[in-house]
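For reference, the chains in residue letters:
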Amino acid sequence: SNGSDPSPSSFVLASIPGLEAAHFWMAVFLCSLYIVAVTGNCAVLFIVKTEPSLHAPMYFFLCMLAAIDLALSTSTVPRVLSFYWFNTREISFGACLVQMFLIHSLSAIESSVLLAMAVDRYVAICHPLRHAAILTNAVTAKIGLVAMARGVLFFLPLPLLLLPLPFCRSRELSHSFCLHQDVMNLACANTTPSVVYGLIAILLVMGLDSVLICLSYILILKAVLRLASWKERLKVFSTCVAHICVVLAFYVPLIGLSVVHRFGKDLAPLVHITMGNVYILVPTVVNPIIYGVRTKQIQKRILNLIHIHNN
């Protein structure tokens, strides 16, 4: 449409043409994943809180990760489920901007925490005698606060830049929730400031974090290769496997979604919706599973809880 709306009351969430009859079962599947995500992340928070031996920087960072995943999934999935189950496709303009801010800022905070966890692994492996002195509980708490402030300050301008823009009469998004690129594409005005700032924010947060994480693992790998035997090398590097898997679970969907937005304008709606849901749900579901499987202390505590419950 050639017309524009200076103050849209709502946006329309995307649906998959031809699959409206399958919405109920899609919602059941998403709800199952959401339950797994909430249960797993709450279990991580409970276990670390109640187990004194886990009161260490590595597990405090893991708690931060679990809390972020809970907030991220809860800010999106219930709204998606109401769309699929009750066909409430419209989301108000204000609610859309708030959801967009939460998704991007929480993702930025998660990226910062993943970087902090990489630094923790680097110090533990390359400077083990100084680890306790460098990463104290107070330093860990400050890192968490800096990560939160960084995510909020860098991504708060995104909804503010969109707020004064006029929007086209077509208000249909390409995802089941609100993302900055998606909402911005509906604006009937010059979006260059929003495009430039969004790119700068992504590069200075997720882009910089990914480079520093890679650098941390290059240094870790160099330290591991200096060890005498392959058995020692594998034992030391195995402590990083869970974190590497979590990093991949976060950055691969993020990159995939960015590629779809940049080059996939002609792709089927199913691709956009699927990539969006993968970006939101995969990290929140797999993170507690990965750490539950790879971390012996958490695994042992879970098995003890199951044993006590069965008795």
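- You'll find the protein chain entered in an unreviewed UniProt entry as Olfactory receptor, with Pedionomus torquatus given as the organism.
- According to UniProt, the comment filed for the protein chain under the heading Sequence similarities (unreviewed entry) is "Belongs to the G-protein coupled receptor 1 family."

1. Focus: empty space enclosed by the protein
- Per the counting criterion, the structure on display carries three cavities of 30 Å³ or more.
- There is about 60 Å³ of room inside the largest cavity.
- Lining of the largest cavity is provided by Met58, Phe61, Met117, Asp120, Arg121, Thr239, Ala242, His243 and Tyr291.
- Listing elements by their share of the lining of the largest cavity, those giving two or more residues are helix H2 (57-74), helix H4 (93-126) and helix H11 (241-263).
- Counting residues per element, the lining of the largest cavity draws most heavily on H4, which supplies three residues.
- Tallied by class, the residues present in the lining of the largest cavity amount to five nonpolar, two polar and two charged.

2. Some thoughts on the nonpolar core
- Counting residues in hydrophobic clusters, the biggest one holds 80 residues, and the most contacted among them are Phe11 and Leu114.
- Phe11 has contacts with Arg89, Glu90, Ile91, Phe93, Cys96, Phe167, Arg171, Leu173, Val183 and Leu186, leaving out every residue within four places of it along the chain.

3. Some details on helix H3 (residues 77-86)
- Burial runs high along H3: seven of the 10 residues are buried.
- Every buried residue of H3 is listed here: Val77, Arg79, Val80, Leu81, Ser82, Phe83 and Tyr84.
- Looking at the buried side of H3, the elements it contacts are helix H1 (23-50), H2, strand S3 (90-92), H4 and helix H12 (269-294).

4. Some remarks on the confidence of the model for the protein chain
- Here the protein chain averages 88 in pLDDT, and 95% of its residues register 70 or above.
- Within the protein chain, no element has a lower average pLDDT than strand S1 (residues 4-5), which sits at 54, and none a higher one than helix H6 (residues 137-155), at 95.

5. Structural notes on the state of the cysteines
- All chains considered together, the criterion is met by one disulfide.
- Across the disulfide, Cys96 is cross-linked to Cys178 (sulfur-sulfur distance 2.0 Å). One quick way to see it: the torsion about the S-S bond of Cys96 and Cys178 is about -120°, and its sign makes the bridge left-handed. Pair noted here: Cys96 is in helix H4 and Cys178 is in the loop between strand S4 (167-168) and helix H8 (180-184), with a separation of 82 residues, a long-range link. Summarising the burial analysis for this pair, Cys96 and Cys178 share the class buried.
- Not part of a disulfide, Cys214 finds its nearest cysteine sulfur in Cys240, a span of 13 Å.
- Overall, the relative accessible area of 49% leaves Cys214 in the partly exposed class.

6. A short note on unusual backbone geometry
- Residues other than glycine seldom take positive phi values, yet Asn87 does so here, at roughly 60°.
- Here Asn87 is to be found in the loop between H3 and S3.

7. Describing the pattern of salt bridges
- Going through the model one piece at a time under the given rule, you end up with four salt bridges.
- In this structure, Glu172 and Arg89 form a salt bridge, with 2.9 Å as the shortest nitrogen-oxygen distance. In this pair, Glu172 sits in the loop between S4 and H8 while Arg89 sits in the loop between H3 and S3, placing the two residues 83 residues apart along the sequence.
- Given a relative accessible area of 41%, Glu172 falls into the partly exposed group.
- For Arg89, a relative accessible area of 23% puts it in the partly exposed group.
- Its salt-bridge partner being Asp120, residue Arg121 comes within 3.1 Å of it at the nearest N-O pair.
- Accessibility expressed as a relative area gives 11% for Arg121, which makes it buried.

8. Brief notes about the layout of surface pockets
- Here the largest pocket is characterised by a volume of approximately 800 Å³.
- Gln181, Leu199, Ile202, Ser258 and His261 are, among the 29 residues lining the largest pocket, the residues nearest its centre.
- Elements with a minimum of two residues in the lining of the largest pocket: H4, H8, helix H9 (192-225) and H11.
- Here the residues of the lining of the largest pocket are counted per class, giving 16 nonpolar, 11 polar and two charged.

Basis of the calculations
Residues numbered from 1 in each chain as written. Predicted model: local features only at pLDDT ≥ 70, side-chain atom pairs only at ≥ 80, totals over all residues. Heavy atoms only, no water. UniProt positions renumbered as here; feature names shortened; annotations may be inferred. 1 Å grid on protein atoms, 1.4 Å probe; cavity = no way out; pocket = protein on both sides within 12 Å on 5 of 7 lines; lining within 4 Å. Points joined across faces, edges and corners; volume = space filled by probe spheres on them. Helix = DSSP H or I, 4+ residues; strand = E, 2+ residues; numbered from the N terminus. Nonpolar A, V, L, I, M, F, W, Y, C, P; charged D, E, K, R; others polar. Core = buried A, V, L, I, M, F, W, Y, C linked by side-chain atoms within 4.5 Å. Buried < 20%, exposed > 50% of the residue type's maximum accessible area, 1.4 Å probe, protein only. Contact = heavy atoms within 4.5 Å. pLDDT = per-residue confidence, 0-100. Disulfide = S-S within 2.5 Å. Salt bridge = Lys/Arg side-chain N within 4 Å of Asp/Glu carboxyl O.

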